[in-house]
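Next come the chains, spelled out residue by residue.
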Amino acid sequence: MNDPTVILEARGIVKRFGPLVANDVAQFSVGAREIVALLGENGAGKSTLCKILYGYYRPDAGEISVAGRPVRIDSPQDARRLGIGMIFQNFSLIPALAVWENIALFLADLPWTIGPGELRRRMADLAARLRLDIDLRLPVGRLAVGDRQKVEILKQLLAGARLLILDEPTKVLAPQEAEGLFKTLSELREEGYGLVLITHKLREVLACADRIAVMRQGRIVDTLARDEADEPRLLRLMFGEEAAAKRSTPRRVTAAFGDSALRLDRIVTAAEPGAVPLRGVSLALREGEICGVAGVSGNGQQELAELILGLRRPLDGTKELWGEDATRWTIGTIRARGVASIPDDPLTLAAIPGLSVRENLALGSGKRYRTGVALDWHRVIADMGRSASRLGFPPPAYGARAAILSGGNLQRIVLARELAHDPRLIVALYPTRGLDARSADAVRIALDEARARNAAVLFASEDLDELFAISDRIIVLRGGAIAGTFLPASFTPDVIGRAMVGIADAA
Ligand SMILES: Nc1ncnc2c1ncn2[C@@H]1O[C@H](COP(=O)(O)OP(=O)(O)OP(=O)(O)O)[C@@H](O)[C@H]1O
Ligand SMILES: [Mg+2]
């Protein structure tokens, strides 16, 4: 095939990791002026395929052609020379350097050189053309995550990318930021670029993709044009007939709440670099209650979770757990009392990449699995297997290093570990991030079941639909303070959205 509008085509791509066939892709292509979404369950092989196209992995078999000509892509440098750029989740920017310096550094390994003045002019031109509104002189460390992503995009385009691959770019973006990204993507499409977008959010796929390739167990099972696709059809392709039919969202029924599980009284925490201090947070959570936490991430959610877990001490105010003063309890005591924590980034906070999955599963379980100096691995595996299967997740790959797990599989491990022992209080920050649609449902159902068992749940999310589905009450965090508290009758996006941005009309 030599269609000038096709930027890249891959055929017969096979990639094995030991016995695992991570990719067996008959055909995949991306054209100019086209957004191709890559969809599929956790571990389906999406990131692997993209890393092959970007030269990060060598395929065991298969051919790739760019603009109709067969090419070898042995490294990301090769990929960049061929006009292929990729944006990973963990951005590779240096926080202390200005935006323009970061970009200049990245361009330095390209064969051509231009002076700094000329470079800055080109950057500003391109940014203006794509309406990427960022100040090139600011240090990257001062930018919000959505703006850092724009810098990454700019960087790849200035390096000459005609095809941009984005691996779950919206996973860490607030809804408004995601909207901004989609505007940028459509500008790029108009300008003739080709785009590959990985996301688990079906709504995003249906809103912006021209074609949708669905992966299952390493293969692309179908590629649909947008007008052939709808949610049920995509779910069937991803999970099969049966699984798609079983999908259900829990229903919130007003229950009688039990005794006090958590009580925070006028909590104030210190202002530290990189942290949002809590400013007089008072919150009461009872057994059998799910309290949703709405708000753009970075408004004190992480600090609130750390405070409850005993990782952060208050300067002022008190914390009670189940009626006892827990202000000075250590994290060990708090965990031993049955507090589970799902942190917002499993890789930096909950899992150690160099350790095996089995070791990560035993971590944080305190003395539970200790027999003398040794650990009872049989019990670890039995408990974790049970917990994973209760959540409908496949059995964890116990021997694998956490570092090689797919993003969603890592999140599944953290969830299986934290929910294994019927916790009495669950502090969950964005627990469904990176999960495929079915696993995300399973997590919401698990939180609802925990509530039915009389656990108390604090559940932060940027997805209001998800919060509305299972919360008994929603608080809005803004700038380290509670900006509003809402009961189900006022669960509407506009009311809560107004509190999120500071126009309060809370009850
Ligand atoms: N370097 C590696 N070594 C061994 N196995 C790997 C390696 N990289 C990926 N895998 C495995 O290949 C499979 C596919 O992983 P991949 O990251 O491509 O999935 P994915 O579709 O991106 O999933 P997710 O939606 O969870 O991000 C997984 O089972 C993963 O554990
Ligand atoms: Mg992935």
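Residues numbered from 1 in each chain as written. Chains lettered and ligands numbered in written order. Predicted model: local features only at pLDDT ≥ 70, side-chain atom pairs only at ≥ 80, totals over all residues.

1. A short note on the domain arrangement of the chain
Then, number 1: Once the domains are mapped, the chain shows domain 1 (6-244), domain 2 (255-338 + 423-507) and domain 3 (349-422).
Then, number 2: Relative to domain 3, the C-alpha centre of domain 1 lies at a distance of 31 Å.
Then, number 3: Partitioning the side of domain 1 that touches domain 3 into residue classes produces no nonpolar, 3 polar and 1 charged. (Domains from an automatic or database assignment. Nonpolar A, V, L, I, M, F, W, Y, C, P; charged D, E, K, R; others polar.)

2. Section: the nonpolar core
Looking at soluble globular proteins, one finds that nonpolar side chains tend to be buried together.
Then, number 1: Grouped together as the largest cluster of nonpolar side chains are 137 residues, with contacts concentrated most on Leu53, Ile165, Ala428, Leu447, Val457 and Val476.
Then, number 2: Excluding its chain neighbours within four sequence positions, the residues that come into contact with Leu53 are Leu8, Ala10, Ile64, Ile84 and Ile165. (Core = buried A, V, L, I, M, F, W, Y, C linked by C-beta atoms within 7 Å. Buried ≥ 20, exposed ≤ 12 C-beta atoms within 10 Å, placed from the backbone. Contact = placed C-beta atoms within 7 Å.)

3. Brief notes about the site of ligand 1
Then, number 1: In the vicinity of ligand 1 lie 17 residues, with Phe17, Ser47, Thr48, Ser406 and Gly408 positioned nearest.
Then, number 2: Those elements giving two or more residues to the shell around ligand 1 turn out to be β2 (20-31), α1 (46-53) and α15 (407-418).
Then, number 3: Its residues assigned to classes, the shell around ligand 1 comprises 6 nonpolar, 10 polar and 1 charged.
Then, number 4: Structurally, the shell around ligand 1 is a two-domain feature, drawing no fewer than three residues from each of domain 1 (6-244) and domain 3 (349-422). (Near = placed C-beta within 6 Å. Helix = DSSP H or I, 4+ residues; strand = E, 2+ residues; numbered from the N terminus.)

4. As for the packing of helix α4 (residues 116-129) against helix α5 (residues 145-158)
Then, number 1: Between α4 and α5, whose axes approach to 11 Å, the crossing angle comes to 115°. For the pair α4 and α5, the crossing hand works out as right-handed. Seen from α4, the contacting residues are Arg122, Met123, Leu126 and Ala127; seen from α5, they are Leu154, Leu157 and Leu158.
Then, number 2: Of the residues belonging to the contact of α4 with α5, the class tally is 6 nonpolar, no polar and 1 charged. (Axes fitted to C-alpha atoms, helices over the stretch in contact; angles between N-to-C directions. Left-handed = near helix turned anticlockwise from the far one by under 90°.)

5. Quick word on the sheet that holds strand β13 (residues 290-294)
Then, number 1: Strand order in the open sheet made by the 6 strands is β16-β19-β20-β13-β21-β22, with mixed pairing throughout. Both edges of this open sheet fall to β16 (339-342) and β22 (481-486), since each of them pairs with a single strand only. Adjacent strand axes in the sheet meet at a mean angle of 15°, parallel and antiparallel pairs treated alike.
Then, number 2: For β16 and strand β19 (residues 425-429), the ladder comprises 4 bridges, and the chain directions are parallel. Bridge pairing in β19 links Val339 to Leu425.
Then, number 3: Helix α16 (residues 437-452) contacts β13, β19 and β20 (456-460) of the sheet and is inclined by roughly 155° relative to β20. (Pairing = 2+ DSSP bridges.)

6. Observations concerning helix α3 (residues 99-107)
Then, number 1: Among the residues of α3, Val99, Asn102 and Ile103 are the ones counted as buried. End-on, the buried residues of α3 take up no more than an arc of 95°, which puts them together on one face.
Then, number 2: Residues of α3 that are buried make contact with α4 and α5. (Arc of directions from axis to C-beta.)

7. Notes on helix α6 (residues 175-190)
Then, number 1: Over its 16 residues, α6 runs 23 Å from end to end, which matches the ideal 22 Å to within 8%, given 1.5 Å per residue.
Then, number 2: Taken together, the buried positions of α6 are Glu177, Leu181 and Leu185. Angularly, the buried residues of α6 cover 85° about the axis, an arc narrow enough to put them on a single face.
Then, number 3: Summarising the contacts, the buried residues of α6 are in contact with β3 (34-40), α5, β8 (194-198) and α7 (202-208). (Expected span 1.5 Å × (residues − 1).)

8. Description of the pairing of β20
Then, number 1: Burial runs high along β20: 5 of the 5 residues are buried.
Then, number 2: By the alternation rule, side chains of β20 split into Ala456, Leu458 and Ala460 and Val457 and Phe459, which are all buried.
Then, number 3: Where β13 lies against β20, 4 bridges are found, and the strand directions are parallel. Bridge pairing links Gly292 to Phe459 in β20.

9. A look at unusual backbone geometry
Then, number 1: The phi torsion at Trp322 lies on the positive side, around 45°, for a residue other than glycine.
Then, number 2: For Trp322, the position within the fold is in the loop between β14 (316-321) and β15 (324-325).
Then, number 3: Here the phi dihedral of Tyr430 falls at roughly 45°; this positive angle occurs in a residue that is not glycine.
Then, number 4: Relative to the helices and strands, Tyr430 resides in the loop between β19 and α16.

10. Looking at the sheet that holds strand β5 (residues 69-71)
Working definition: the strands of a sheet are paired by backbone hydrogen bonds and lie parallel or antiparallel to each other.
Then, number 1: Taken in spatial order, the 4 strands line up as β2-β1-β4-β5 in an open sheet, and their pairing is antiparallel. Strand pairing shows two members of the sheet lacking a second neighbour, β2 and β5, which therefore form its edges. Within this sheet the neighbouring strands show an average axis-to-axis angle of 25°, counted without direction.
Then, number 2: Note: strand β1 (residues 6-17) against strand β4 (residues 61-66), 5 bridges, orientation antiparallel.

11. Quick look at the packing of α5 against α6
How two helices pack is summed up by the angle between their axes together with the distance between the axes.
Then, number 1: Axis separation between α5 and α6 bottoms out at 10 Å; the angle between their running directions is 20°. In terms of their interaxial angle, α5 and α6 are classed as roughly parallel. Note on packing geometry: the crossing formed by α5 with α6 is right-handed. In contact with Gly146, Gln149, Lys150 and Ile153 of α5, α6 contributes Glu177, Gly180, Leu181 and Thr184.
Then, number 2: Looking at the contact of α5 with α6 residue by residue, the classes come out as 2 nonpolar, 4 polar and 2 charged. (Parallel < 35°, antiparallel > 145°, perpendicular 65-115°, else oblique.)

12. Quick look at the pairing of β13
Then, number 1: When you tally the buried positions in β13, you get 5 out of 5 residues, the bulk of the element.
Then, number 2: By the alternation rule, side chains of β13 split into Ile290, Gly292 and Ala294 and Cys291 and Val293, which are all buried.
Then, number 3: Two elements, β13 and strand β21 (residues 473-478), share 4 bridges in a ladder whose sense is parallel. From the neighbouring strand, Gly292 faces β21, where its bridge partner is Ile474.

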